[in-house]
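Geometric and topological summary
Listed below, chain by chain, are the residues.
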Amino acid sequence: KPPMLLFSCAVSSAQAPASVPPNDWAHTVKLNNGVAMPLISLGTWQYSPAVAESTVRLGLSLGYNHIDAALDYKNQRSVGKALAEHDRASYFLTTKVPSRTSASSAFADTSKDLAADLEQLGLSYVDLMLVHFPPVGNTLHCAAMQEQWRALESFYRAKKARAIGVSNYCQSSLRCIARAANVTPAVNQIKYHIGMGPDPIGLRSYGDRLGIVTQAYSPLGDGTGELISGALVTGIGAKHNKSGAQVSLRWVVGHGVPVSTKSTSASHLTANLDLFGWEVSAQEKEALDAATSPKGHPSFMCDA
């Protein structure tokens with residue numbers, strides 16, 4: 001297996017400014033370089049610019065302090081408008097750059113994308129920068145993946161990101177970049193929800209061994225209401241005076257996995273923050289762990 005790569009950078013205090021709800025910074029995960037990342041983030045995928053701006057503004061007012069964006073979402077200028085109303089130290093911002101397939105141009109093209117992220121968001125740095133996904137063909141383009149990672153390392157060394165990582169990477173993808181990397185990815189953001197099991201394709205445990213935090217997207221599944229209104233999660237929720245969706249999200253963070261959620265509803269956003277101070281029983285957790293539906297795969301770009 002690839003070696004664990006150790007590195008360090010300045011660690012910012014996880015204490016929130018007084019203007020942010022105090023419980024907002026109570027639950028974080030420490031990344032492999034010491035940076036504290038809030039466990040719950042608010043996603044902006046598939047939102048029009050106007051909806052992205054209003055949702056980020058709403059989420060920040062309700063106590064969210066971690067916003068998840070991406071260059072490919074094509075709404076970052078609007079996200080940046082909402083962020084500009086808040087002190088920079090009061091929130092954690094994750095964004096992403098798309099994959100590249102040409103080894104000869106991957107470094108330069110990625111560097112341009114990284115600069116575009118900052119320009120669109122109106123920021124001088126981000127807290128976490130991710131490669132959004134491996135290229136089609138995955139490690140057939142290993143040299144390009146390594147060059148892209150080199151661009152992120154340069155961005156990190158320039159203090160334009162407090163941490164860098166990947167998304168939708170499988171073990172083979174991680175092994176590819178590890179062969180040339182000087183910095184271990186801090187995060188691998190993947191699809192992760194009930195029905196996939198606690199360690200889908202062994203990817204979470206693989207990341208754990210390398211010091212890579214697994215982060216969940218699509219924690220309620222895609223195109224199904226099973227993890228919101230299904231009998232398993234609503235039955236458990238009824239015993240704790242919680243919704244089915246809260247049970248599904250609690251299962252994720254109960255496994256120590258940070259989660260990215262999405263909603264434009266104030267009531268749903270508030271409920272999605274209520275994941276702590278309660279837990280499912282050992283028997284309930286066992287049933288949730290054993291669920292095989294809805295099905296899902298950690299990455300849409302690779303298998304192992």
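Residues numbered from 1 in each chain as written. Predicted model: local features only at pLDDT ≥ 70, side-chain atom pairs only at ≥ 80, totals over all residues. Heavy atoms only, no water.

1. Some details on the nonpolar core
Grouped together as the largest cluster of nonpolar side chains are 73 residues, with contacts concentrated most on L31, L83, V126 and M129. With 7 residues, the single largest contributor to this core is helix α4 (residues 142-157). Sequence-distant contacts of L83, defined by excluding residues within four places in its chain, comprise V56, L60, I67, Y91, L93, L121 and L123. (Core = buried A, V, L, I, M, F, W, Y, C linked by side-chain atoms within 4.5 Å. Buried < 20%, exposed > 50% of the residue type's maximum accessible area, 1.4 Å probe, protein only. Helix = DSSP H or I, 4+ residues; strand = E, 2+ residues; numbered from the N terminus. Contact = heavy atoms within 4.5 Å.)

2. Looking at helix α5 (residues 171-178)
Summarising burial for α5: 7 of the 8 residues are buried, a large majority. Among the residues of α5, Q171, S172, S173, L174, C176, I177 and A178 are the ones counted as buried. Along its buried surface, α5 packs onto α4, β7 (161-167), β8 (187-191) and α6 (203-210).

3. Some words on the state of the cysteines
Going through the model one piece at a time under the given rule, you end up with 2 disulfides. In this model C142 forms its disulfide with C176; the gap between the sulfur atoms is 2.1 Å. Since a negative S-S torsion denotes a left-handed disulfide, the C142-C176 link at about 115° is right-handed. Highlighted residues: C142 in helix α4 and C176 in helix α5, separated in sequence by 34 residues. The burial state of C142 is the same as that of C176; both residues are buried. Each bonded cysteine in the chain gets a number by its place in the sequence, and the pairs come out as 1-3, 2-4. (Disulfide = S-S within 2.5 Å.)

4. So, the packing of aromatic side chains
Counted according to the given criterion, the structure contains 2 aromatic pairs. On the numbers, 5.9 Å between centres and 55° between planes, the contact of F133 with F300 is tilted. Residue F133 is located in the loop between β6 (126-131) and α4, and its partner F300 is located in the segment after α11 (282-290); the two are separated by 167 residues in the primary sequence. F300 gets classed as exposed once you look at its relative accessible area, which sits at 54%. Note on Y192 and W251: the rings are 5.3 Å apart at their centroids and 20° apart in plane angle, and the pair reads as stacked. Of this pair, Y192 sits in the loop between β8 and α6 while W251 sits in helix α9 (residues 244-254); the two residues are 59 residues apart in sequence, bridging distant segments of the chain. W251 matches Y192 in its accessibility class, with the two residues each being buried. Directly above the ring of F107 sits R150, whose terminal nitrogen or CZ lies 4.1 Å from the centroid. Stacked on the ring of Y47, the Lys or Arg K262 has its end atom at 4.5 Å from the ring centre. (Phe/Tyr/Trp six-rings, centres within 6.5 Å; stacked < 30°, edge-to-face > 60°. Lys NZ or Arg CZ within 6 Å of the ring centre and 35° of its normal.)

5. Some thoughts on empty space enclosed by the protein
For the coordinates displayed, the defined rule picks out 2 cavities of 30 Å³ or more. Around the second largest cavity, the lining residues are L174, N188, I190, L203, G207, I212 and T214. Of all elements in the fold, only β8 and α6 reach the threshold of two or more residues within the lining of the second largest cavity. Classifying every residue of the lining of the second largest cavity gives 4 nonpolar, 3 polar and no charged. (1 Å grid on protein atoms, 1.4 Å probe; cavity = no way out; pocket = protein on both sides within 12 Å on 5 of 7 lines; lining within 4 Å. Points joined across faces, edges and corners; volume = space filled by probe spheres on them. Nonpolar A, V, L, I, M, F, W, Y, C, P; charged D, E, K, R; others polar.)

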